[in-house]
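What follows is the residue order along each chain.
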Amino acid sequence: MSATVSFKVPSSHGPQPVTVSYARVGKGDPLVLLHGIGHHRQAWDPVLDILATERDVIAVDLPGFGASPSLPDGLAYDLPTTSAVLGALFEALELDRPHVAGNSLGGLLALELGRHKSVRSVTALSPAGFWSEAERRYAFGVLIAMRRISRRMPLPMVERLARTAAGRTALTSTIYARPARRSPEAVVAETLALAQATGFDATLRAGTTIRFTDDLAGLPVTVAWGTRDMLLVRRQGVRAKQVIPRARLVRLPGCGHCPMNDDPALVARVILDGSR
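Conventions used here
- Residues numbered from 1 in each chain as written.
- Predicted model: local features only at pLDDT ≥ 70, side-chain atom pairs only at ≥ 80, totals over all residues.
- Heavy atoms only, no water.
- Pairing = 2+ DSSP bridges.
- Helix = DSSP H or I, 4+ residues; strand = E, 2+ residues; numbered from the N terminus.
- Axes fitted to C-alpha atoms, helices over the stretch in contact; angles between N-to-C directions.
- Contact = heavy atoms within 4.5 Å.
- Left-handed = near helix turned anticlockwise from the far one by under 90°.
- Nonpolar A, V, L, I, M, F, W, Y, C, P; charged D, E, K, R; others polar.
- Expected span 1.5 Å × (residues − 1).
- Buried < 20%, exposed > 50% of the residue type's maximum accessible area, 1.4 Å probe, protein only.
- Core = buried A, V, L, I, M, F, W, Y, C linked by side-chain atoms within 4.5 Å.
- Phe/Tyr/Trp six-rings, centres within 6.5 Å; stacked < 30°, edge-to-face > 60°.
- Lys NZ or Arg CZ within 6 Å of the ring centre and 35° of its normal.
- Polar contact = N/O pair within 3.5 Å; in protein donor to acceptor, adjacent residues only side chain to side chain.

**Student:** Help me understand the sheet that holds strand 2 (residues 16-26), please; the structure alone is not making it clear to me.
**Tutor:** Hydrogen bonds along the backbone pair up the strands of a sheet, which may run parallel or antiparallel. Taken together, the eight strands give an open sheet; going across it, the order is 1-2-4-3-5-6-7-8, and neighbouring strands pair in mixed fashion. At either end of the open sheet lies a strand with only one pairing partner, and these are strand 1 (2-9) and strand 8 (248-252). Averaged over neighbouring strand pairs, the angle between their axes works out to 25° when direction is ignored. Lying over the sheet, helix 1 (residues 45-52) contacts strand 2, strand 3 (29-34) and strand 4 (55-60), oriented at roughly 155° with respect to strand 4. The strands touched by helix 3 (residues 105-115) within the sheet are strand 3, strand 5 (99-103), strand 6 (121-125) and strand 7 (221-226), with strand 5 carrying the most contacts at an inclination of about 150°.

**Student:** Honestly, the packing of helix 5 (residues 155-162) against helix 7 (residues 184-196) in this entry has me stumped. Any pointers?
**Tutor:** The description of two packed helices rests on the angle between their axes and on the distance between the axes. Their axes nearest at 8 Å, the elements helix 5 and helix 7 cross at an angle of 145°. Between helix 5 and helix 7 lies a crossing of right-handed hand. From helix 5, Leu155, Val158, Glu159 and Ala162 reach across to helix 7, where they touch Pro184, Val187, Val188, Thr191 and Leu192. For the contact of helix 5 with helix 7, the residue count by class is seven nonpolar, one polar and one charged.

**Student:** Would you mind going over unusual backbone geometry with me for this structure?
**Tutor:** As a rule of thumb, non-glycine residues mostly have phi less than zero, and peptide bonds are mostly trans rather than cis. One non-glycine residue, Glu94, lies in the positive phi region at around 60°. With respect to the helices, strands and loops of the structure, Glu94 is situated in the loop between helix 2 (79-92) and strand 5. The phi dihedral of Lys117 falls on the positive side, at around 60°, and the residue is not glycine. Here Lys117 lies in the loop between helix 3 and strand 6.

**Student:** Could you clarify how one ought to interpret helix 7 in this entry?
**Tutor:** Owing to its 3.6 residues per turn, the α-helix brings residues three or four apart onto one side. With 13 residues, helix 7 should cover 18 Å at 1.5 Å per step; its first-to-last C-alpha distance of 18 Å lies within 8% of that length. By the burial criterion, the buried members of helix 7 are Ala186, Val187, Val188, Glu190, Thr191, Ala193, Leu194 and Ala195. Along its buried surface, helix 7 packs onto helix 4 (133-152), helix 5, helix 6 (165-172) and helix 8 (200-206).

**Student:** How should the pairing of strand 4 be read in this particular structure?
**Tutor:** Working note: regular strand, side chains alternate between the two faces of the sheet. Among the six residues in strand 4, six count as buried, and that is most of the element. Of the two faces of strand 4, the one lined by Arg55, Val57 and Ala59 and the one lined by Asp56, Ile58 and Val60 are each fully buried. The sheet contact formed by strand 2 and strand 4 spans five bridges and is antiparallel. Bridging from a neighbouring strand, Arg24 pairs with Ile58 of strand 4. By the bridge criterion, six bridges tie strand 3 to strand 4 in an arrangement that is parallel. From the neighbouring strand, Leu31 faces strand 4, where its bridge partner is Val57.

**Student:** Help me understand the environment of Leu34, please; the structure alone is not making it clear to me.
**Tutor:** Tracing the backbone shows Leu34 in strand 3. Overall, Leu34 belongs to the buried group, its relative accessible area being 0%. Among residues more than four places away in sequence, those in contact with Leu34 are Trp44, Val60, Leu62, Leu86, Val100, Ala101, Gly102, Asn103, Gly106, Leu109, Ala110 and Leu113.

**Student:** Is there a simple way to think about the nonpolar core in this case?
**Tutor:** Side chains of nonpolar character tend, in soluble globular proteins, to be buried together. With 83 residues, the main nonpolar core has Phe7, Leu33, Leu34, Leu51, Leu111, Val122 and Val221 as its most contacted residues. With near-sequence residues (within four places) excluded, Leu51 lies in contact with Leu31, Leu33, Val57, Ala268, Ile271 and Leu272. In this structure, Met153, Ala162, Val187 and Val188 belong to the second largest nonpolar core, which totals six residues.

**Student:** Just checking my understanding: could you explain the environment of Pro80 for this structure?
**Tutor:** Structurally, Pro80 is set in helix 2. For the pair formed by Pro80 and Leu113, sequence separation is 33 residues and the distance between their alpha carbons is 9.7 Å.

**Student:** Just to check I follow, could you spell out the packing of aromatic side chains for this structure?
**Tutor:** Centre-to-centre distance and the angle between the planes together describe a pair of aromatic rings. The final tally for this structure, using the stated rule, is two aromatic pairs. Sitting over the face of the ring of Phe140, Arg136 holds its NZ or CZ atom 4.7 Å from the ring centroid.

**Student:** Can you walk me through the side chain of Ser275 in this structure?
**Tutor:** Turning to its location among the elements, Ser275 is positioned in the segment after helix 11 (264-274). Among the polar contacts listed, one links the side chain of Ser275 to the backbone oxygen of Ile271, at a separation of 2.8 Å.

Next comes the structure, spelled out in C-alpha cells:
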C-alpha cells in the first residue's frame, strides 16, 4: 500500500528531482489527501477505509514531512513550489484532475490547486490562510511550541505518555478534541513526525504572508470546520465562505483541528459528498 514516486520539478537552477511517499488504496474516482504542517499521511488513517469503498485514495506525505525526503536545494517550501510539486506528482501518477481533500496546510494547498484548475473538487478541513494577523501569530506560536516540545522529549517518555488517555491528551489535545481516541502507536508516530519534519521551519516561514483571497468559481468547494478547533478558530470558516461564496460551509460538531480522528464517519461523509 505504501510506495514512492520520483519526478522532476522546474526551478531556476533547472529541473530538480523530487521524491514523494504515498499510500494508495481503494477504487473509484481518484481522491488525493493532503495533511497539515508537521503531520504525515497517517493523519488520514481513521477515514481511509471508509473513503476507499468509493474512491481511489492517494494519501500523500508532503515533501519534508512523514516519509517524503526534503526538497532539493533550489526549491522553496512556498505555495507556488509546493503546488508545482503536487501538479508534477499528479502527472507522475497519471491522475487527471483528481478530487483533493486537505487539512490545515493541506486544505490551503487543496484550495491553491483548485485556483489552478488542476483538480475537479476541493474539500478543505480547517484550511490555513483565512486568519487575521493576530490569529496567524497565535497559531504559529502554538505550532512552534509543539515542535519544540516534540524535539526535546525523549522517545521513552513519549511512549510512556502515549500509553494512557491522559498522556495522549497532554500530547495531542491541541489538534484533537477527543485525543484519547487516538491509538498509542499513532500518537508516538505523529509526535516523531513533528520532531523530524525537515520541511517544518521553512514551510512555517513561507506561511507568514499567506492569505487566500481568490473565489474558486465553477469548482465544487467544501470548507468544513470543527466546532472545537483550538488552533484555527472556526470564525475563519465564515471568512472562507465570504471569499468563496459558492462554497459549501460545513460545521463539524465536537471536532478539533484535525477532525478525521474525532469523527471519522462524519468527515468521510463530508469528503465523499464534496467529491461527487
